[in-house]
Structure formats: C-alpha cells, structure tokens
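# Report on the structure
Read off the chains here:
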Amino acid sequence: MNVNKGFATLAALCASVFVVGTSEYLIAGLLPQVGADLDVSVGTAGQAVTAYALGVVAGGPVMALLTARLPRKGLAIGLMLLFAAGSAISAVAPSFGLLLVGRVVSSLSHAVFLALALVTATRVVPSEKTGSAIATVASGFTVATLLGVPLGALLGQSAGWRAPFAVLTALSLAGVVLLAAVLPRQEAPTTRLRDEVRVVTRRPVLLAIVTTAVGFSGVATVFTYIAPLLTRVSGFSTAAVSGLLLAYGAGSFLGNLTAGRLTDRSMSATVRGVFGGLTGTLLLIPFAAVWQPTAVVVVLVLGLLATATIAPLQGLILHHAGAAPTLAVAANVGAFNLGAAAGSVVGGAIVAAGALRWTGLAGAVLSLIGLALTYLVLPRTRTPARDAEPEVSIAA
C-alpha cells in the first residue's frame, strides 16, 4: 500500500474512533437532563454509563468471536452501522429502558471496531511504524475526550440531550461512507474460532490484558475524582479546574502520539517508562495538590502519561497475538474499560472514607503492580525489531 492510501486509511479510522469515543463518555455530562426528561433520578440515569461499559467488557469478546471469519472491510462498515443504529435508538428513546437498549447496541460495536481499527492500522504501515499507527488511531479517543465530549455536552445543554445523539448518528453514517471509500479490501481471516480463543488464553496474552486493567485502574483511581481534588484540596475555582482539565486533555493527546513513536523504538522500554512515570507522578499527587503551582505541574504530567499506555500496551498484545489478534485486542479494549471502572470504585471508597487527598497513593500502588507485570510479559531487554515481531503464528 502506498503512503497516501495508508495515511487516508489511518485518518478514516481515527475519525471513526473519535465518533465512538465521544459516544462512550458523552452521556456522563448529560445525566441531569436525561433524568429530568425520562423521569428518573440522576443516579438511575448513571446506569446508562454502566450499561455501555458492561456492553464493551462483556459483549466485546462475544462479538469478536461471532465476527472472526468475516471480511474485515465489510465488518468495519457493519460495526459502524450498528453503532449508528444504537445512537439513533438513544436519540429517539421515549423511555429510560429504551435508552439503555440504545446504549448497549452501540457498545456492542465498540471493542471489536477499535480492535479492528488497531489491527488494520498496523497492516497499512511498515512494521517499524506500528506503534505510531496504533497511537494515531487511538488519538481519536483523546480528541473525543478533549473536544467531542465537552462540545457534545454544550450542545445537549442548549438543544436538549437528544441532539448530541442525533449528531453522532449522522457522523456515524458519514464514517460508514468514509470507511467504504478508503479502507483496503482484505480477505476474510483464515484463522478458526478456536485459534482466537487459544491466543487469548495463552499466559503472555492474559498477563498483558491484566497489565492493562491493573495499570490503567491506577490512573482512573485519581482522575475520576480529580475535579473535587483540585477544588477542595488545591483551592482552584471551578473555571480554573475546567482549564486544567482542558490542558490535561491536550497533554493526553501529545503523550499518546509521543508514546507511539517511542514504542516503534522499544516497546518494553516505553511501557516500563510510562508505568514508572505514572507511579512516581501518582505518588506525588497527595503532596503536590496542597500547593497550586505544583498541583498544576502534576496534573499536566499526569495528562502526558495517562494515555501514553495505549500504544505500548496494545502493541504488547499484538506482539503476543500472532495471526489471530482480534479477540485478544478486543479483550484488551475491554480491559481499559474494566480498569477505569475498577479505579473509580477504589477511588470512590477512598473518597467515601474522607481521604480524597490520598487517592494518588492507591493509584501509585496499582501502577507499580502494572510495572511489575510488564517484566512477566516482556523480557528485560529486547531490540526494536524483536519488539515488533509477533511471538507465535497461529496456523489456519
């Protein structure tokens, strides 16, 4: 594939991931409007967030198995159509129950589409650029967090909570057209379902998935409650916190792309460097948060490192997945969501105990465990060429 076609493919995948990523977190900023319109409490409305997350974690692997033998281009288009259908159901839902149905329908496409996007991205670039390709596609999520979610929330506040879902439906259909135009045709995989299952149950792959869940939960433990930390402990105004979160999002975008380039050089050094940096940063948060200048610095550094785990961890999965990567990558996508959920639970327990300032210590412990796990998944030293080479090939 020539350079222009490869770039067009990465751009189309990134744009589609942006749409999916915006949908995942959008509703969290619309819960009061959803609750008022559908006559449920805000707490009950929050189940729409939970339903989506559970759909990704539980439904992703099932969808990966059911679609394992389908042609890749047709599957990508079909998944975006499924996502559009879920968004449309959410936009017109007359009841909270039907809204949950729409959210679950959308979530079923999430993990497999992202897995397919990441695997496709690594196949349209030279092998030494796989880290950058993963980071480019994953940047759709960071841009969704930085721009898509807040813009969608603003639209929902001014035009009603259904409007953002209507826009997402239209963007999803536009994504279908874009993917149909630029995605290269690929033969249906020749791997069997049992090959996909065999890969995901291999010890290195399972360890890599656990590393993702445990390591990312360290970030979520702090980030879920970072706004109250900055207002109550650091003494920032609400407006200042919004600005800091915007800077955090911009840092996440840059950190993700930088980690992708570093992953091309050495996967093992990058993943360990990121986890080591996260451990130190999270450990400092309880002490840095009490003084505004150091609080600003630590939030910015956390932003740079938070999504820098994506490229090396997904690359690590692909490294061990051989010729049957879809289920393993989909499971790893679910692991990010599981880590986010677990981290929010851990952080919530700490906050409930009146120790909001100290969430960083728990996050540091989790990131340190993630760092330790990387030594079980990857050898201590490895050249870039070996880093990019799959460990095992699965016969058809």
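- As annotated in an unreviewed UniProt entry, the protein chain carries the name MFS transporter, DHA1 family, inner membrane transport protein and is attributed to Nonomuraea solani.
- The record in UniProt for the protein chain states the following under Subcellular location (unreviewed entry): "Cell membrane".

### Structural notes on the overall build of the protein chain
- What the protein chain contains, in helices and strands, is 18 helices and zero strands.
- When its C-alpha atoms are laid out on the principal axes, the protein chain stretches across 55 × 50 × 35 Å.
- Going through the 396 residues of the protein chain one by one, you find that 54% of them count as buried.
- Surface exposure of the protein chain reaches about 15700 Å², of which carbon and sulfur atoms provide 71%.

### Notes on the packing of aromatic side chains
- Enumeration according to the criterion identifies four aromatic pairs in this entry.
- Taken together, a centroid distance of 6.1 Å and an interplanar angle of 80 degrees make the contact between W161 and F165 edge-to-face. Each member of the pair, W161 together with F165, is buried.
- Note that R272 overlies the ring of Y375, its terminal NZ or CZ placed 4.1 Å from the centroid.

### Notes on the side chain of T221
- Note that T221 resides in helix α10 (residues 203–223).
- Taking the relative accessible area as the measure of exposure, T221 reaches 0% and is therefore buried.
- A polar side-chain atom of T221 sits 3.4 Å from the main-chain carbonyl oxygen of G343.

### Structural notes on the pattern of salt bridges
- A complete count under the given rule lists one salt bridge for this structure.
- Of the charged contacts in the structure, one is a salt bridge between D37 and R162, with a shortest N-O distance of 3.0 Å. With D37 in helix α2 (residues 31–38) and R162 in helix α8 (residues 162–182), this pair connects stretches of sequence that are 125 residues apart.

### Points about unusual backbone geometry
- Despite not being glycine, D39 has its phi angle at roughly 60 degrees, a positive value.
- Of note, D39 is situated in the loop between α2 and α3 (42–45).

### Considering the packing of helix α13 (residues 267–288) against helix α14 (residues 292–306)
- Running from amino to carboxyl end, α13 crosses α14 at an angle of 155 degrees, the nearest separation of the two axes being 10 Å. If you check the angle between α13 and α14, you find them roughly antiparallel. Along this stretch, α13 crosses α14, giving a crossing that reads as left-handed. Contact with α13, carried on its side by V274, G277, L278, T281, L282, I285 and A288, involves T294, A295, V298, V301, L302, L305 and A306 of α14 and no other residues of that element.

### What about the side chain of T281?
- Summarising the element assignment, T281 is placed in helix α13.
- Residue classification places T281 among the buried residues on the basis of a relative accessible area of 7%.
- For T281, the contacting residues outside a window of four places in its chain are V298, V301, L302 and L305.

### Quick notes on a nonpolar patch on the surface
- Together, L283, F287, W358 and L361 give the surface a local cluster of nonpolar side chains, amounting to about 350 Å² of exposed area.
- Topologically, F287 is positioned in helix α13.
- Judged by relative accessible area, which is 46%, F287 ranks as partly exposed.

### A word on the domain arrangement of the protein chain
- Domain assignment breaks the protein chain into domain 1 (3–190) and domain 2 (197–377).
- Here the C-alpha centre of domain 2 lies 21 Å away from the C-alpha centre of domain 1.
- In this complex, domain 1 contributes 29 residues to the contact, which on the side of domain 2 involves 27 residues.
- Buried area between domain 1 and domain 2, both sides added, is near 2200 Å², and the carbon and sulfur share of it is 76%.
- Among the residues of domain 1 in contact with domain 2, I134, T142 and L146 are the three that bury the most area, contributing 22% of the side total.
- If you look at where domain 1 meets domain 2, you find zero salt bridges.
- At the boundary of domain 1 and domain 2, one finds six residue pairs in polar contact (both at pLDDT 80 or more).
- Those elements that provide at least two residues to the side of domain 1 that touches domain 2 are α4 (47–66), α6 (96–123) and α7 (130–159).
- Its residues assigned to classes, the side of domain 1 that touches domain 2 comprises 15 nonpolar, nine polar and five charged.

Conventions we followed
- Residues numbered from 1 in each chain as written.
- Predicted model: local features only at pLDDT ≥ 70, side-chain atom pairs only at ≥ 80, totals over all residues.
- Heavy atoms only, no water.
- UniProt positions renumbered as here; feature names shortened; annotations may be inferred.
- Helix = DSSP H or I, 4+ residues; strand = E, 2+ residues; numbered from the N terminus.
- Buried < 20%, exposed > 50% of the residue type's maximum accessible area, 1.4 Å probe, protein only.
- Areas by Shrake-Rupley, 256 points an atom, 1.4 Å probe, with all protein chains shown as cover.
- Phe/Tyr/Trp six-rings, centres within 6.5 Å; stacked < 30°, edge-to-face > 60°.
- Lys NZ or Arg CZ within 6 Å of the ring centre and 35° of its normal.
- Polar contact = N/O pair within 3.5 Å; in protein donor to acceptor, adjacent residues only side chain to side chain.
- Salt bridge = Lys/Arg side-chain N within 4 Å of Asp/Glu carboxyl O.
- Axes fitted to C-alpha atoms, helices over the stretch in contact; angles between N-to-C directions.
- Parallel < 35°, antiparallel > 145°, perpendicular 65-115°, else oblique.
- Left-handed = near helix turned anticlockwise from the far one by under 90°.
- Contact = heavy atoms within 4.5 Å.
- Patch = residues over 30% accessible without salt bridge, like charges linked within 9 Å, V, L, I, M, F, W, Y side chains within 5 Å.
- Domains from an automatic or database assignment.
- Buried area = accessible area lost by both parts, 1.4 Å probe.
- Nonpolar A, V, L, I, M, F, W, Y, C, P; charged D, E, K, R; others polar.

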